[in-house]
Structures are given as structure tokens and as C-alpha cells.
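Here is how the chains run, residue by residue.
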Amino acid sequence: MGSPNLKVLLESKTLERCPFPIPAGWFFVDYSENLKPGELRNVQLFDQEWVLFRGEGGSVGMSDPYCPHLGAHMGHGGKVCGEHLRCPFHHWEYDASGFCKSIPYAKIVPPIVKREPILRTLPIKEKYGLIWAWFHPACEPPSWELPYIPEIEDASGYTGSRRGSWTANTCIQEIAENGVDTAHLKFLHGAPMIPPVEATYDGPVMKLDIGRGYILGTAYGPGLNVMRFTQQGVTATMISYTQPISAEKSQMNMSFRHPDFAAGSTELHIAKKIVDHMIGAAEGEESAGFESVDFIVWNNKKYRPNPLLCDGDGPVLQFRKWFKQFYVETPAELRQGQ
Ligand code: FES
Ligand SMILES: [Fe+2]
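Residues numbered from 1 in each chain as written. Chains lettered and ligands numbered in written order. Predicted model: local features only at pLDDT ≥ 70, side-chain atom pairs only at ≥ 80, totals over all residues.

Remarks on the sheet that holds strand β7 (residues 93-94)
Consider a sheet: its strands pair through backbone hydrogen bonds, and that pairing is either parallel or antiparallel.
So, point 1. Taken in spatial order, the 4 strands of this open sheet run β5-β6-β7-β8, and their pairing is antiparallel. The sheet terminates laterally at β5 (79-81) and β8 (100-102), the two strands that pair on one side only.
So, point 2. Looking at chain direction, strand β6 (residues 84-86) and β7 are connected through 2 bridges and run antiparallel. Paired with Leu85 across the bridge in β7 is Tyr94. (Pairing = 2+ DSSP bridges. Helix = DSSP H or I, 4+ residues; strand = E, 2+ residues; numbered from the N terminus.)

Observations concerning the nonpolar core
So, point 1. The biggest cluster of nonpolar side chains holds 66 residues, and the ones touching the most others in it are Val29, Leu52, Trp132, Ala133 and Phe135.
So, point 2. Ranked by residues supplied to this core, first place goes to strand β10 (residues 130-135) with 6 residues.
So, point 3. Each of two domains, domain 1 (25-135) and domain 2 (156-324), supplies a minimum of three residues to this core.
So, point 4. Ignoring anything within four residues of it in the chain, the contact list for Ala133 reads Phe27, Val29, Met62, Leu122 and Ile124. (Core = buried A, V, L, I, M, F, W, Y, C linked by C-beta atoms within 7 Å. Buried ≥ 20, exposed ≤ 12 C-beta atoms within 10 Å, placed from the backbone. Domains from an automatic or database assignment. Contact = placed C-beta atoms within 7 Å.)

What about the pairing of strand β9 (residues 124-127)?
So, point 1. As paired strands, β9 and β10 are joined by 4 bridges and run antiparallel to one another. Within β10, the residue paired with Lys127 across the bridge is Leu130.
So, point 2. Hairpin connection of β9 to β10: 2 residues between the antiparallel strands, including Tyr128 at a positive phi of 60°.

Things to note about the sheet that holds strand β1 (residues 25-31)
So, point 1. Taken in spatial order, the 3 strands make up an open sheet running β1-β10-β9, and their pairing is antiparallel. With one partner strand each, in any of the chains shown, β1 and β9 form the two edges of the open sheet. The mean inter-strand angle of the sheet, taken between neighbouring strand axes irrespective of direction, is 30°.
So, point 2. As defined by bridge partners, β1 adjoins β10 across 6 bridges and the pair is classed as antiparallel. Following the sheet pairing, Trp26 is matched in β10 by Trp134. (Axes fitted to C-alpha atoms, helices over the stretch in contact; angles between N-to-C directions.)

Digging into helix α8 (residues 316-324)
So, point 1. Buried residues of α8: Phe319, Trp322 and Phe323, and no others. Looking down the long axis of α8, one finds its buried residues gathered within 95° of arc, a one-sided arrangement. In α8, the exposed residues that point more than 90 degrees away from the buried face are Lys321 and Lys324.
So, point 2. Structurally, α8 contributes buried residues whose contacts are with α4 (172-177), β12 (197-202) and β13 (205-210). (Arc of directions from axis to C-beta.)

A closer look at the environment of Glu16
So, point 1. When you line up the elements, Glu16 lands in the loop between α1 (4-14) and β1.
So, point 2. On the neighbour-count criterion, Glu16 (12 C-beta atoms within 10 Å) is exposed.
So, point 3. With 286 residues separating them along the chain, Glu16 and Lys302 place their C-alpha atoms 5.7 Å apart.
So, point 4. Apart from residues lying up to four places away in sequence, Glu16 is in contact with Lys302 and Tyr303.

The structure is reproduced here in C-alpha cells:
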């Protein structure tokens, strides 16, 4: 029998950086304004390529790129025709649910074409000015809805056009784990203390209260996180929507909003300061935002399935248990050829 030290050492050699598949959930695809009617383009998401298109009437579709007929890549030479995606090779046309709606030269359409969708497409929603796709490894339909977020949905009362995007070479779970790892806030980010954290879990929703009301966060599955920071009675909101690009690459995206305070008011000043603080740009602050420091850790770390934790650590294991629900087995038929 080796010593515990040896065990930890040996384990470290076999650890993987990101030993997880792509989780199920609603994920941000792009900003609505970036996809014009009639536009089509290739996007890399969920560990594969997809064709994203907007019909001339405005509806959005996202499909597997390879045509079920003879395998042409519809993102190279394909076209949007009305609300359909048309393959360049023989002009078969598909709707956003993956049904083949036209085979221009067939007298007898294969029966399956009438019966069911033959192209893999993802359920799409447009909400908060963002395009969302429901990804499920076994192609099951959405099991929860995107929530109402007043800060980004109410036509009046809120403001803020600041947004950011950052790429991290790690999986989405490792990034999300930061939210419950409150000890790192002091040591990596230089916060004055380790804030207390309370986490509650309810199906796909996780709520965090960090620092007794200072930050109230709600995660809706793995792809959407709303965090409200309150200081001196003023609340500013960070809406974060990270994308799993591949098993080892994620893109973090965030919007920052706050109530529409009068120009020159103290409240506006505080709200702006909170937003600066969130992105680590606040002047004269010791605390470093994630931009400068978290990435160094994320881009180089490995995942320890059996971490050595202590009493001052946040609820890391509870968080992992909650996150596990989003990992769904990919059926063998869909795994073939991967
Ligand atoms: S390969 Fe797409 S229509 Fe033939
Ligand atoms: Fe962090």
C-alpha cells in the first residue's frame, strides 16, 4: 500500500482537464441583431458545426450541416428560401424543425420524409435580444423554459449596453464552479474576506446568496446565470450566458444592466461602480475581476473528481451534484462516427 501522498501524486498524472460531455440545456447562440433575415452561417457549438439561419420572415433555425440526402454541407453554398434552408447540391429544402419540405425533382417522396424530420435541428427561442438553442445529447425536447428577466426584457426602467465575451480553454462546469468557490474570491481576487455563501437547489435552478445579500445569483441550467449585486441600496445585474464550444473550450458572454437612474445621480454613480467592479475595472480597488486572474487558473487546471476540501470551502460538492443532472448519455446511434 502506498502512502496517501503517493496516491494524490499518482492521481494527478491521470487527471483529465475536462472529463465531461456537453451538458443539456438552453444555450446562447448569438445576438439577435447579428442574424439578418435571409442570412445563413456556420457556427461551432456543442462540439460540432451547425448551420444557423434566419428565414426571410424572421424565424431562426439551427441544423446539422450535412444534408440527409447525399451529405452536402449546407453551410457552404446553401441558401435561405422563404423560411427554409436549401441544400446547394440538389435543392432539397428543410424547415427549422428538420422536416424536408421540398424535393424539386421527386415524383414519389420517400415515406419517412412526410412522416418525420430527417435533419437534426435544435429548438430555438429568441429572448432578451438573444438567440437561444436547446441542446440535448439525446435530442429530447426542452424540460424547462427560459425565465423572465426584467432587467433585460422590460422596455423601460433599465439601461446598460455593456457586454463582454471571453474565451476560456476549459469546460462550462469548471467556469460555473467559480460561483460556489467563495474561498478563491479572497485569495485569487483579493476580496477583503471569504464571504459566506448559501446555496439552494431546485431542479435545474440553483440560487446563491453570497455575502448575505451582497450577491444574489440564480443559475437556470448550465447556460444562463443572473447575478444581482447590491451596494448602498443600488442593484446592478450581470446576465451571463456561457457557451460550450467544445468539451475543452467555452465562451463566456455577459451583459450588464442597472435601473435607469437620472444622469449625475449618486445611484447612477454607484451602479456604474458596481458594473466596473464586476469586470474588474474599478479604479482604486484591490479586487481583481475574473478577466485577469480566473483565466490563468481555468486554462491550465485539471479537474479533481475527489478534491481535498476544508471547512472554509464553499459548497463545491453540492454544486457538482446539482450540475450532474445536465449530463445525459448520448445514445449509441448518435455517437457512431464521432
Ligand atoms: S445532398 Fe443535399 S440535396 Fe442532395
Ligand atoms: Fe473567479
